[in-house]
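# Notes for the structure review
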Amino acid sequence: LALEIALREALQTGGLELYYQPQIELAVGRLHGLEALARWQHPTLGTIPPDRFIPLAEECGLIGALSRWVLEQACGQLAKWRREGLAVPAVAVNLSASNFHNLELPTLVEQILERHGLQPSDLYVELTESTLLEDHSSTLQTIERLHDLGVRLSLDDFGTGYSSLSYLRRLPITELKLDRSFVADLEHAPMARSLSAAILGIGTSLGLTVVAEGVETVAQKDILQAQGYPVVQGYWFAKPMPPQALPAWMAEQG
Ligand code: G
Ligand code: G
Ligand code: MN
Ligand code: NA
């Protein structure tokens, strides 16, 4: 309960921050987008990881407010970078299953984009398979409306949990993110290499962009490049960084 009160307070007083992790187009070394990842620096408890406070926000009815804050913050930051002359193609935000139960979400997203002078295609919304598994009646409707608006949908952590290929057929998604557990095994497990190649094949043949996440070594990067992965993300390229670190990072990339 104490943590719940602290989270409520952090949302109001600015104890939360977004870090941003680059996603890179392998062939040309160009930026594909930045994934926004929430961070909470508590004054006495220190850093509280999202694995802890996101489920807490979900349990105590704060996830709507938190996700609104994330959307607002990420879109505001993208607009700010562009005003500063940085070529950032898009931002990606993670949303929780219950955010998709809210039929007002597409309108909210539209208003935030407009307020910051952004196009819907500047935003990727990442959702997980568990969001889809719930099969809540409003979830599909919300996804369809976001798509109609022009927002891109990205299926996160793909290949874990209850992956069903039927999602790919039924949903208007534009991107698949290969779960980092496959990438972690690439160097040592032929099975992981087969699966990453197969998932790339399925995604590509359906016209989806496939992103490999959790790339930590040059060997992993080389395997993914040889397999033809268009976009990669991971510590080997860049860790999630505070927004003020991005200009220097981009300058370094040339
Ligand atoms: O950033 P890190 O790898 O520690 O994130 C851990 C988990 O928390 C990941 O599953 C990530 O998707 C999730 N996460 C991070 N930021 C957000 C956020 O703003 N909203 C939601 N719903 N999940 C997030
Ligand atoms: O579930 P989701 O894919 O949104 O989670 C992203 C999480 O993965 C973030 O918490 C981010 O900090 C973490 N992450 C990003 N790159 C790497 C990486 O190369 N290795 C590992 N282990 N985690 C990573
Ligand atoms: Mn994600
Ligand atoms: Na993921």
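Now for a description of the structure that goes with this document. (Residues numbered from 1 in each chain as written. Chains lettered and ligands numbered in written order. Predicted model: local features only at pLDDT ≥ 70, side-chain atom pairs only at ≥ 80, totals over all residues.)

### A few points about the site of ligand 2
Keep this limit in mind: Near, as applied to residues and a molecule or strand, means the residue's backbone-placed C-beta atom lies within 6 Å of it. Here the term charged refers only to Asp, Glu, Lys and Arg, the term nonpolar to Ala, Val, Leu, Ile, Met, Phe, Trp, Tyr, Cys and Pro, and the term polar to all other amino acids, Gly among them.
Ligand 2 sits among 13 residues. The nearest are Gly 214, Glu 216, Gly 234, Tyr 235 and Pro 240. Per-class residue counts for the shell around ligand 2 are 4 nonpolar, 4 polar and 5 charged.

### Notes on the pairing of strand β4 (residues 91-94)
Rule in force here: Buried means a residue has 20 or more other C-beta atoms within 10 Å of its own C-beta, exposed means 12 or fewer, and partly exposed covers the counts in between; C-beta atoms are placed from the backbone. Strands are runs of DSSP state E lasting at least two residues, helices are runs of H or I lasting at least four, and both sets are numbered from the N terminus onward. A pair of strands is treated as paired once DSSP finds two or more bridges between them. By convention, a crossover is right-handed whenever its connection, traced from the first strand over the helix to the second and viewed with the strands pointing away, goes clockwise.
Where burial is concerned, the two faces of β4 agree: the one with Val 91 and Val 93 and the one with Ala 92 and Asn 94 are both buried. As defined by bridge partners, strand β2 (residues 30-42) adjoins β4 across 2 bridges and the pair is classed as parallel. Directly across from Glu 35, in β4, lies its bridge partner Ala 92. Chirality of the crossover, the property in question, places the unit of β4, helix α4 (residues 105-115) and strand β5 (residues 123-128) among those that are right-handed.

### Topic: the environment of Val 232
Rule in force here: Two residues qualify as being in contact provided that their C-beta atoms, derived from the backbone, are within 7 Å of each other.
Locating Val 232 in the fold gives a position in strand β9 (residues 231-233). C-alpha of Val 232 to C-alpha of Leu 26: the two residues are 206 residues apart in sequence and 6.7 Å apart in space. The contacts of Val 232, once residues within four sequence positions are left out, are Ile 24, Leu 26, Val 211, Ala 212, Val 215, Lys 221, Leu 224 and Phe 237.

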